[in-house]
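Here are the chains, one letter per residue:
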Amino acid sequence: MSSVKRVLIKIIILLVIINIFLLVYIGWEYKDRLFLSAHFGGAIDDKAGLSQLLSTSKTEQNEILNLYKGDFDIFPSESRLTGDLQIVFKNRYDISLNQIVLTFYPDWLNPPSKGSYVKKISTDGQDISFKTSEGIIYVSLEQPLQPGQSMILDIKLDINLPEDEGRIGCNKHALWMGNWIPSLAPIRDGEWVYHEFRDIGEPFFTEIAWYEFTVRAPKGYTVAATGQNQGKQKHIYKTKVLARDFALWASKPSFTYSIETKDKKAINLYSYNQLKDNKKVLDAAARALNYMQKRVGDYCYDELDIVETQLHMSGMEYPGMIFIDKDRLADCSTIDTLIAHEVAHQWFYNVVGNDQYSEPWLDEAFATYMADEIIYGESVRDSVSQAIADDKRPITIPIHEFNTETEYRKVIYSKGKYKLHQLKQLLGEKGFSKFLKTYYNEFKFKEVDNEQFFNFIDKIFEKKIGAQARELFSQ
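Now for a description of the structure that goes with this document.

## Quick notes on the side chain of threonine 239
Relative to the assigned elements, threonine 239 resides in strand E16 (residues 236–243). Of the polar contacts made by the side chain of threonine 239, one reaches the backbone oxygen of glutamine 228; its length is 2.9 Å.

Encoded structure:
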């Protein structure tokens, strides 16, 4: 045998050994990555989100793998965003579907003079008829979508942004967009679940999904959004991320301030005004992030972005992103609690989801309570006014039970925080700590409702404790 043949044989044997090693040690995760990539036609960029997903069973993966794939252009001078959204939807229910229901907040917030900001919906190159009413889109299907079947909706969007102080808006420097995507309404008990939009609270209910987006702004702009930018230019944002929504911000001029936590999580503060107290904001966010990771569970992304906006409230949470009103950033004297509340929402809203219309306390009461712990420590002694403590309405009621935002916040936020403090007293510090961690792990990347919440307490504690918790929260 020639020396050349011997060398070739050794190389082949070495390659075989390397392949066996890869198969044994990393093959299963690689196989899952290939499965997800093939299913959605692209690489998975969000490592943290993927690792969380791969830790679930195949059945659970199928429960959350819808995909929103978007390609959009921003035209700031026209206060406008246009582009194409593709929704890959699987009927994972045991009923056939004759229509698809989407919620679309922009149509309700700033209605176009005629029709909808959704200009066309098609599938397989064929236009589909749809109708809109008060921000709800009803898409008719010629053939029912059977259980287990999938379809792709191609949606053409042309959205005008209001010069408004709200979740979607713009000014002469920046634009910001939250709750702007046509989103699949969840299905529960064989029915589509959607709600009327209201000015009180956050009337939204979305399920976890993959978001693969490219957003382009004119050169000179900085774009920030949910996820991490996989592109190399500030004015072009590309990402693929596991989330409950996709928020977007763009500005010219823009100022960027950054910090890294001890766990190597990047926290970025983006603004269109220079911020003298930027360090205070970043330090508050780092403190909250570190505390929540220790107290509840890992933060599911590698970065958190905080952006300057104009809101009719102080702040608003989105996956991996927080909107803060410009006036609160100009005067940071009381910003610690606000930042703590919005950071806590990354755990209670984004990862552990809920119907924010029907059961808003499941995220707001938790975020309010955890903000107090972040600021004052685990030994915090809750205090609310007697009027709030004595309010006869339970915290488990929906948004439409309230007539004003003040009334809503008094019950859902303040009384909700008070009830969680009472739950900690019932369970004891050790029991409450166990509850927070196991609750988060049980429902991460899922949605929880009132009954599931109380059933979970039954599951990990004595039935007697569960009965006491039910009684506690009914008052």
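## A closer look at the pairing of strand E19 (residues 266–271)
Within E19, five of the six residues are buried, leaving the element largely enclosed by the surrounding structure. Both strand E18 (residues 255–260) and E19 contribute to a ladder of six bridges, which runs antiparallel. Each bridged residue has a counterpart across the sheet, and for phenylalanine 255 the counterpart in E19 is serine 271. Linking two consecutive strands that pair antiparallel, namely E18 and E19, is a turn of five residues; a positive phi of about 65 degrees is found at lysine 264 within it. Note: E19 against strand E20 (residues 303–309), five bridges, orientation parallel. Residue tyrosine 270 lies in a different strand from E20, and its bridge partner there is valine 307. Viewed along the sheet, the connection from E19 through helix H6 (residues 278–295) into E20 turns out left-handed.

## Here we look at the packing of H6 against helix H8 (residues 335–344)
It is at 9 Å that the axes of H6 and H8 come closest, and there the two elements cross at 45 degrees. Taken together, H6 and H8 sit at an angle that is classed as oblique. Crossing handedness for the pair H6 and H8: right-handed. Residue-level contacts link Lys280, Val281, Ala284, Ala285, Arg287, Ala288, Leu289 and Met292 of H6 to Ile335, Asp336, Ile339, Ala340, Val343 and Ala344 of H8. Per-class residue counts for the contact of H6 with H8 are 11 nonpolar, no polar and three charged.

What counts as what
- Residues numbered from 1 in each chain as written.
- Predicted model: local features only at pLDDT ≥ 70, side-chain atom pairs only at ≥ 80, totals over all residues.
- Heavy atoms only, no water.
- Helix = DSSP H or I, 4+ residues; strand = E, 2+ residues; numbered from the N terminus.
- Polar contact = N/O pair within 3.5 Å; in protein donor to acceptor, adjacent residues only side chain to side chain.
- Buried < 20%, exposed > 50% of the residue type's maximum accessible area, 1.4 Å probe, protein only.
- Pairing = 2+ DSSP bridges.
- Right-handed = clockwise from strand over helix to strand, strands pointing away.
- Axes fitted to C-alpha atoms, helices over the stretch in contact; angles between N-to-C directions.
- Parallel < 35°, antiparallel > 145°, perpendicular 65-115°, else oblique.
- Left-handed = near helix turned anticlockwise from the far one by under 90°.
- Contact = heavy atoms within 4.5 Å.
- Nonpolar A, V, L, I, M, F, W, Y, C, P; charged D, E, K, R; others polar.

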